[in-house]
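# What the coordinates show
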Amino acid sequence: MSDIIYTYHDTVYFNITNRCNCNCIFCIRKETDSVGDAGTLWHDHNPSFEEIKTAVDAFDFSGHAEAVFCGYGEPTCAYDNLIQTARYMKEKYPQIHLRINTNGLGERFNEAPIVEEMASCIDSVSISLNAPDAQRYQEVTCPSYENAFSIMLDFARKAKEHFSSVQFSVVDIITEDEIKACKELADSMGIPLRVRVCS
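The following paragraphs examine the structure supplied in this document. All of these numbers come straight from a predicted model, not from anything done at the bench.

### Brief notes about the overall build of the chain
Looking only at helices and strands, the chain has seven helices and seven strands in total. What you see for the chain is a C-alpha radius of gyration of 16 Å, in line with the 16 Å of a compact globule of 199 residues. Counting only residues that meet the buried cut, the chain has 51% of its 199 residues in that class. Considering only intrachain contacts with a sequence separation of at least 6, the fraction spanning at least 24 residues in the chain is 78%. Surface accessibility of the chain: about 9600 Å² in total, with carbon and sulfur atoms responsible for 46%. Charged side chains of the chain number 17 positive and 30 negative; the gap between the two group centres comes to 3 Å.

### Remarks on the sheet that holds strand β2 (residues 11-14)
Strand order in the open sheet formed by seven strands is β1-β2-β3-β4-β5-β6-β7, and the pairing between neighbours is mixed. One side of each edge strand has no neighbouring strand; the edge strands of this open sheet are β1 (5-8) and β7 (193-196). Pairwise comparison of adjacent strand axes, ignoring direction, gives a mean angle of 30° for this sheet. Bridging between strand β5 (residues 124-128) and strand β6 (residues 165-171) involves five bridges; their strand directions are parallel. Residue pairing in the sheet places Ser 124 in a bridge with Ser 165 of β6.

### A look at the packing of aromatic side chains
Inspection of every chain in the model, using the stated rule, returns eight aromatic pairs. Centre to centre, the rings of Phe 14 and Phe 69 are 4.9 Å apart; their planes meet at 20°, and the pair counts as stacked. One end of the pair, Phe 14, is in strand β2; the other, Phe 69, is in strand β3 (residues 66-69), with 55 residues separating them in the sequence. Here the aromatic rings of Phe 49 and Tyr 88 are separated by 6.4 Å at their centres, their planes lie at 85°, and the arrangement is edge-to-face. Note that Phe 49 is positioned in helix α1 (residues 49-58) and Tyr 88 in helix α2 (residues 79-92), a separation of 39 residues in sequence. Take Phe 49 and Tyr 88: they sit in the same class, and that class is buried. Site record: aromatic cluster; members linked through ring pairs are Phe 14, Phe 59, Phe 61, Phe 69 and Tyr 93.

### Some details on the environment of Ser 165
Relative to the assigned elements, Ser 165 resides in strand β6. As a C-alpha pair, Ser 165 and Arg 87 span 78 residues in sequence and 18 Å in three-dimensional space. Once residues within four sequence positions are removed from consideration, Ser 165 is found in contact with Asp 123, Ser 124 and Val 125.

### So, α2
Taking 1.5 Å of rise per residue, the 14 residues of α2 would be expected to cover 20 Å, and the 20 Å separating its terminal C-alpha atoms lies within 8% of that figure. Of all the positions in α2, only Tyr 79, Asn 81, Leu 82, Ile 83, Thr 85, Ala 86, Tyr 88 and Met 89 are classed as buried. Looking at the packing, one finds that the buried side of α2 touches β2, α1, β3, β4 (97-102), α3 (106-110) and α4 (115-119).

### A word on the pattern of salt bridges
Counted by the stated rule, this structure contains ten salt bridges. Between Asp 57 and Lys 92 there is a salt bridge, with its nearest N and O atoms 2.6 Å apart. In this pair, Asp 57 is assigned in helix α1 and Lys 92 in helix α2, connecting sequence segments 35 residues apart. Residue classification places Asp 57 among the partly exposed positions, given a relative accessible area of 36%. In this structure, the salt-bridge partner of Glu 178 is Arg 136, at a minimum N-O distance of 2.7 Å.

### Thoughts on the layout of surface pockets
Of the pockets and cavities examined, the largest pocket occupies roughly 1100 Å³. Forming the walls of the largest pocket are 37 residues, and the residues nearest its centre are Phe 26, Ile 28, Cys 70, Asn 101 and Arg 196. Of all the secondary-structure elements, those providing two or more residues to the lining of the largest pocket are β1, β4, β5, α5 (134-141), β6 and β7. Looking at the lining of the largest pocket, the element that brings in the most residues is β4, giving three residues. Here the lining of the largest pocket is built from residues that sort into 17 nonpolar, 13 polar and seven charged.

The rules behind these values
- Residues numbered from 1 in each chain as written.
- Predicted model: local features only at pLDDT ≥ 70, side-chain atom pairs only at ≥ 80, totals over all residues.
- Heavy atoms only, no water.
- Helix = DSSP H or I, 4+ residues; strand = E, 2+ residues; numbered from the N terminus.
- Rg over C-alpha atoms; globule rule 2.2 N^0.38 Å.
- Buried < 20%, exposed > 50% of the residue type's maximum accessible area, 1.4 Å probe, protein only.
- Contact = heavy atoms within 4.5 Å.
- Areas by Shrake-Rupley, 256 points an atom, 1.4 Å probe, with all protein chains shown as cover.
- Lys, Arg positive; Asp, Glu negative; His and termini not counted.
- Charge placed at Lys NZ, Arg CZ, Asp CG, Glu CD.
- Pairing = 2+ DSSP bridges.
- Axes fitted to C-alpha atoms, helices over the stretch in contact; angles between N-to-C directions.
- Phe/Tyr/Trp six-rings, centres within 6.5 Å; stacked < 30°, edge-to-face > 60°.
- Expected span 1.5 Å × (residues − 1).
- Salt bridge = Lys/Arg side-chain N within 4 Å of Asp/Glu carboxyl O.
- 1 Å grid on protein atoms, 1.4 Å probe; cavity = no way out; pocket = protein on both sides within 12 Å on 5 of 7 lines; lining within 4 Å.
- Points joined across faces, edges and corners; volume = space filled by probe spheres on them.
- Nonpolar A, V, L, I, M, F, W, Y, C, P; charged D, E, K, R; others polar.

Structure representation (C-alpha cells):
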C-alpha cells in the first residue's frame with residue numbers, strides 16, 4: 001500500500017493524490033518512487049477521505065509542529081479531501097501548523113474560488129513560482145493551461161489577502177539571472193521567495 005502520510009527531514013507530509021495539472025521538468029517523482037521514510041508515494045487509487053482519516057488516526061504526530069500537504073501530486077487536485085483533512089487535523093491537532101505547497105492552479109482546476117476556504121483551515125501556503133515570466137513558466141512547469149502563469153499570479157494575490165503566511169518558491173535549476181528576476185517579481189508583490197535546492 002502506498003503512503004498517505006510520510007516524513008522527510010522531520011516534517012510530516014500528506015500525499016493525498018497523484019493527480020497533477022503540471023508536468024514540471026524537475027519533478028522528483030520522475031526520478032524515484034518515494035522520498036523520506038515513505039515506501040512508495042504512488043497510489044493504486046487516489047485515497048478517499050476515510051482512508052486519509054484512518055492514516056491520520058494511526059499516525060503519531062507527537063513531536064511534530066507542522067504538517068504539509070505535498071506529495072506525488074497537486075493537493076488542490078483532490079480539493080474536497082484536502083479541505084476535509086485540514087479541518088479534521090484542526091479538530092484533532094489544533095496545535096499543529098498546516099501548510100500547503102501548491103502550484104497555484106487550483107482555482108482553474110476546480111473552476112471555483114478556493115483561496116478563502118483554504119485559508120480558513122490551513123495556516124500557510126507556499127506557491128511554486130519557478131519562472132520569472134509566462135514563456136519560461138510554460139517551459140519549466142509544462143502546465144495544462146496556456147495562461148497558467150497569470151492564473152498562478154492571481155492565486156498568489158488572493159492568497160496574500162487571506163493567508164497570514166504566503167511565500168513563493170523556485171527551484172535552482174533555473175539560471176541565477178532568472179532567480180534574480182523571480183525575486184524582483186516576488187518583491188513587487190510583497191511575497192517572500194524561497195530558493196529550493198533540486199537534489
